[in-house]
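Next come the chains, spelled out residue by residue.
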Amino acid sequence: MINYILKNTVFLERLNLIKQKQIQYENIIDSSDIFKYQLDRFNIIWQKAYTEIPFYEKWKKKYNLPKKINSLNELKKFPVLTKKDIQQKQNLIFGNLNNYSTISTGGSTGEPTKFPTSKNESINSYSNHYLARGWWDIKPLDEVLLFWGHSHLFGEGIKGEINQCKRMMSDWLISTKRLNAYDMSLDTLEKYYQELKKSNPAMILGYTSAIYKIAKYIDENNFEIGNKENLKGVVVTSETVTDYDIKLIEKVFKVPCILEYGMAETGVIAYSRKGSKNIKLFWDTFIGIKDSDNILNITTINDRLFPLINYKTDDIIETKNCLSVLTISKIFGRKNDFIKIKVADKIIECHSEFFTHILKSISGVQNFKIKQKKDLSIRIEYVSSKKQDISSIFFIEIKKEFKDIVETTFIFNQVDDIPKTIAGKTKWIEIEK
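Quick caveat: nothing in here was measured; it's all calculated off a predicted structure. (Residues numbered from 1 in each chain as written. Predicted model: local features only at pLDDT ≥ 70, side-chain atom pairs only at ≥ 80, totals over all residues. Heavy atoms only, no water.)

Q: Looking at this structure, how should I read helix H11 (residues 243-253)?
A: Structurally, the α-helix is built with 3.6 residues per turn, so residues lying three or four positions apart point the same way. Every buried residue belonging to H11 is among Tyr244, Asp245, Ile246, Leu248, Ile249, Val252 and Phe253, and all of these are buried. Packed against the buried residues of H11 are helix H9 (186-198), strand E5 (203-207), helix H10 (208-220), strand E6 (233-237), strand E7 (257-263) and helix H12 (352-361). (Buried < 20%, exposed > 50% of the residue type's maximum accessible area, 1.4 Å probe, protein only. Helix = DSSP H or I, 4+ residues; strand = E, 2+ residues; numbered from the N terminus. Contact = heavy atoms within 4.5 Å.)

Q: Would you mind going over the packing of helix H2 (residues 9-27) against helix H7 (residues 119-134) with me for this structure?
A: Geometrically, a packed helix pair is captured by the angle between its two axes and the distance between the axes. Across the interface, H2 lies against H7 with an axial gap of 9 Å and an inter-helix angle of 55 degrees. On the basis of their axis angle, the class for H2 and H7 is oblique. The two elements H2 and H7 meet at a crossing, and its hand is right-handed. Counting all contacts with H2, which are made through Val10, Phe11, Glu13, Arg14, Leu17, Ile18, Lys21, Gln22 and Tyr25, the residues of H7 involved are Lys119, Ser122, Ile123, Asn124, Tyr126, Ser127, Asn128, Tyr130 and Leu131. The residue inventory of the contact of H2 with H7, partitioned by class, reads nine nonpolar, five polar and four charged. (Axes fitted to C-alpha atoms, helices over the stretch in contact; angles between N-to-C directions. Parallel < 35°, antiparallel > 145°, perpendicular 65-115°, else oblique. Left-handed = near helix turned anticlockwise from the far one by under 90°. Nonpolar A, V, L, I, M, F, W, Y, C, P; charged D, E, K, R; others polar.)

Q: Can you help me understand the nonpolar core in this one?
A: Nonpolar side chains tend to gather and get buried jointly when the protein is soluble and globular. In this structure, Tyr56, Phe147, Phe253, Ile341, Phe394 and Phe410 are the most contacted members of the largest nonpolar core, which totals 122 residues. Beyond its immediate chain neighbours, meaning those up to four positions away, Ile341 contacts Lys346, Ile347, Ile348, Cys350, Phe355, Ile378, Phe402, Ile405 and Phe410. (Core = buried A, V, L, I, M, F, W, Y, C linked by side-chain atoms within 4.5 Å.)

Q: What am I meant to see in the packing of aromatic side chains here?
A: Here the distance between the centres and the angle between the planes together describe a pair of aromatic rings. Applying the stated rule across the entire model yields 31 aromatic pairs. Here the aromatic rings of Trp46 and Phe78 are separated by 5.4 Å at their centres, their planes lie at 75 degrees, and the arrangement is edge-to-face. Taken together, the residues span a long stretch of sequence, with Trp46 in helix H3 (residues 31-52) and Phe78 in the loop between helix H4 (54-63) and helix H5 (83-88) at a distance of 32 residues. Look at Phe78 and you get buried, because its relative accessible area is 4%. (Phe/Tyr/Trp six-rings, centres within 6.5 Å; stacked < 30°, edge-to-face > 60°.)

Q: Quick question: what am I supposed to make of the sheet that holds strand E20 (residues 429-431) here?
A: Picture the strands of a sheet paired through backbone hydrogen bonds; they go either parallel or antiparallel. Ordered by their spatial adjacency, four strands build an open sheet running E19-E18-E17-E20, and the pairing between neighbours is mixed. Looking at strand neighbours, the two that pair on one side only are strand E19 (410-414) and E20, the edges of this open sheet. Within this sheet the neighbouring strands show an average axis-to-axis angle of 15 degrees, counted without direction. Taken together, the five bridges between strand E18 (residues 378-384) and E19 define a ladder with parallel strand orientation. Note that in E19 the partner of Ile380 across the bridge is Phe412. (Pairing = 2+ DSSP bridges.)

In structure tokens:
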């Protein structure tokens, strides 16, 4: 069966592209050479976009955009492309296309957005994955233990069951054991721990929240994880990861915690690099620009049915790069993840990571949700392996930073479960509009 996969045309295309990218990334290391490559690629992609895609033809006229740019700095003058722009002009994007597939964002922060995609885009994204995983000695067809969701994409009825069977067969062919990230209840955590203990994969991969929960379950119960001599790293993806998460995961699994950053509409964008605390942007696929609010905007420069030009990710980043973003030292998540708190007679905006760090550090707490109301009151719902009131521990920790925090604005409620998004993710923060 492995020989069948290795002879498969699409799989061979992926392997060949991985090799090409490896050579490219080894040979082009000077930033000036990278910027020249990106500039040349952008001008090719941009010309094709405004001459062949009705959306960009109108976009260019509307904003009086140039036919080409002479510096990557000029990309900062392009209008920011948002999901709303794409939602409103679907006819201009899909109207002239043939032989395409559709990717839809999860809609966890609003209305789902549809994007066209192709086989070549899928091959490029796969190749980026394994270019980066190769930095950690993880290879295609290595055994993977995967915590994932997305069962809603299979469909319903008989068709859904057939699609699910196809997925199971595909996972088996590529040496992947898939565990359902939709269900991370305490009973299920025990089953998943037993699965994990008897497995010896090269990589454990999953939503940050799912990996964190199983790691905390193992840590708090002082469980052994079994023989993991093959394990090269634990890859967390699709949700913001905190320093606390990384330390816990590395403590439990005794291998590096590897950060994978991407989006449904783009594929993987950046990856942790061995020997560095930064994550590296795939510069042959994306140009990254940090705006005045430290939000990352990306431009795709690989061949796509619908390229994204100065597309707003909504993610706040920290980077030392001033021109094109090549490395990111920190991803803080969405701009709306800031919570307003009352300290004495002042209102202070505090990033949610401060709160999630405190809640994750409380023994027994497995899951939680922080809801900020319009009146600035904050409701904290939490799932715990034992019955407990966490308010006193919470305030001891928060007062180390904010001595005069107004405690009456907080309401705590222990619950049995926290609902996930349709994509199976945990939405830790909710701000009432």
